[in-house]
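Below are the chains, spelled out letter by letter.
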Amino acid sequence: MSKQPSPHKGIDAIEAYVAGASKLSGVSEVIKLSSNESPLGCSPEALEAIRKTNAEGVSRYPNASAKPLRDALANHHGIEADRIICGAGSDELFHLLGRAYLRPGDEVLYSAHGFLVYPIVAQSADAVGVAVPEKSLRTDVDAILSAVTQRTRIVFIANPNNPTGSYLNSDDIRRLHQGLRSDILLVLDGAYAEYVQVDDYDAGIALARNESNVLITRTFSKAYGLAGLRVGWGYAADNIISTLNKVRSPFNVSGVAQGAAIAALKDEGFLQGSIEHNNKWLPWLLENINNAGYEAFPSVGNFLLVRIPSPLTAPEVDAFLQKKGIILRRMEAYGLDDCLRLSVGLERENRAVVEALGEIVSHPVELAAS
């Protein structure tokens, strides 16, 4: 038998990331609440930028380092453009970190119910992913620090965390950073930062400005509604950004994505409208889902983690909702087998999912068997 190309053992161990479902067989119009996307779409100004770029620029390579976008981000956030790196979503930046900083046998720490890409980054570099137990569905700073060893190289913190919706306050983040060795890279993933409305939250910009081992990442996929264009960015000290640029592919952010993101940044009214929509419907969903007999956990993102009450199971509830044309996110991959995750949708979508959840709790035997 002839041999065939084989990847290194870290790759063989990866469980490939599975995105939230978007289609249901036999259902023409679904209510998709599985991927934490913006229910309001994106800015009209971003759409116009997309049309313009499609018409005028698709035959040309984009700016290789996304300089126009970096300049716009620097102006918007009051930070230095040469300390910003852009990527095809923040996911790409995580993988660049793995390529640049991880060696076989190194360790990557993240909370037990953290973003599924973090262990993939570790395994892709033949490193070891270490899932640190949480406390009441919240990242446990003390547990993270206790898990650090001489082999620890990167600590990923999603803040706010997906899928739990919890967050670490600014004091927690400072204490975590102070407890890490200077050669350990702290990555603060702020994909949902725009939605956070609590006074003690800090996305980490000042920490990244002043420390040489901190990278913050943000994305245009959530509140800005540009998930389909795949554009994110990071901010860190010069030593980190220059390293990542050495392994970054040139032209990694398309011209369409750059133009749309710049336009989205300028349309502050649209972003505020998205935040206000979330401010209205997130607490409404929390209250009404809990009143329907479920356990929905408080969240500062644009989603809720919902625990399914016994004797029902998450697969049963998911199957029933799909028959109604409603798609939520199953949580087995996150170690939360008895939960589903629900994105904030439009008003009609939010009301539809609450009505359907109430229906199955009211008649569990009949509906679960249907």
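The coordinates are above.
Residues numbered from 1 in each chain as written. Predicted model: local features only at pLDDT ≥ 70, side-chain atom pairs only at ≥ 80, totals over all residues. Heavy atoms only, no water.

Novice: What exactly am I supposed to notice about the nonpolar core here?
Specialist: Side chains of nonpolar character tend, in soluble globular proteins, to be buried together. Leu-69, Ile-157, Leu-186 and Phe-220 are the most contacted members of the largest nonpolar core, which has 51 residues in total. Once you skip the residues sitting within four places of it in the chain, Ile-157 turns out to touch Tyr-118, Thr-139, Ile-144, Leu-168, Ile-173, Leu-176, Leu-186, Val-187, Leu-188 and Asp-189. Listed in part, the 33 residues of the second largest apolar core include Leu-93, Phe-94, Tyr-118 and Ala-122. (Core = buried A, V, L, I, M, F, W, Y, C linked by side-chain atoms within 4.5 Å. Buried < 20%, exposed > 50% of the residue type's maximum accessible area, 1.4 Å probe, protein only. Contact = heavy atoms within 4.5 Å.)

Novice: Explanation requested: the pairing of strand S8 (residues 232–236) in the structure shown.
Specialist: Strand residues, when the strand is regular, have side chains that alternate between the two faces of the sheet. The buried fraction of S8 amounts to five of the five residues, a majority that puts the element mostly inside the structure. Burial of S8 is two-sided: the residues Gly-232, Gly-234 and Ala-236 facing one way and the residues Trp-233 and Tyr-235 facing the other way are all buried. In this sheet, S8 lies alongside strand S2 (residues 84–87) in antiparallel orientation, the contact comprising four bridges. In the strand pairing of S8, Ile-84 is matched with Tyr-235. Alignment of strand S7 (residues 214–219) against S8, held across five bridges, turns out to be antiparallel. Pairing of Leu-215 across the sheet is with Ala-236, part of S8. (Helix = DSSP H or I, 4+ residues; strand = E, 2+ residues; numbered from the N terminus. Pairing = 2+ DSSP bridges.)

Novice: Teacher, can you tell me more about the sheet that holds strand S5 (residues 152–158) here?
Specialist: Strands belonging to one sheet form pairs held by backbone hydrogen bonds; the direction of such a pair is parallel or antiparallel. Strand order in this open sheet of seven strands is S2-S8-S7-S6-S5-S3-S4, and the pairing throughout is mixed. At either end of the open sheet lies a strand with only one pairing partner, and these are S2 and strand S4 (128–132). If you compare each strand with its neighbour and ignore which way they point, the axes differ by 20 degrees on average. The pairing of strand S3 (residues 107–111) with S5 spans three bridges and is classified as parallel. Among the inter-strand pairings, Glu-107 is bridged to a residue of S5, identified as Thr-152. This element, helix H7 (residues 170–178), spans S5, strand S6 (185–189) and S7 of the sheet and lies at about 160 degrees to S6. (Axes fitted to C-alpha atoms, helices over the stretch in contact; angles between N-to-C directions.)

Novice: Can you help me understand the sheet that holds strand S12 (residues 329–330) in this one?
Specialist: Read across the open sheet, the four strands follow the order S9-S10-S13-S12; overall the sheet is antiparallel. Strand pairing shows two members of the sheet lacking a second neighbour, strand S9 (295–296) and S12, which therefore form its edges. Most of the contacts of helix H11 (residues 268–291) go to strand S10 (residues 303–307), to which it runs at about 10 degrees, and overall it touches S9, S10 and strand S13 (339–343).

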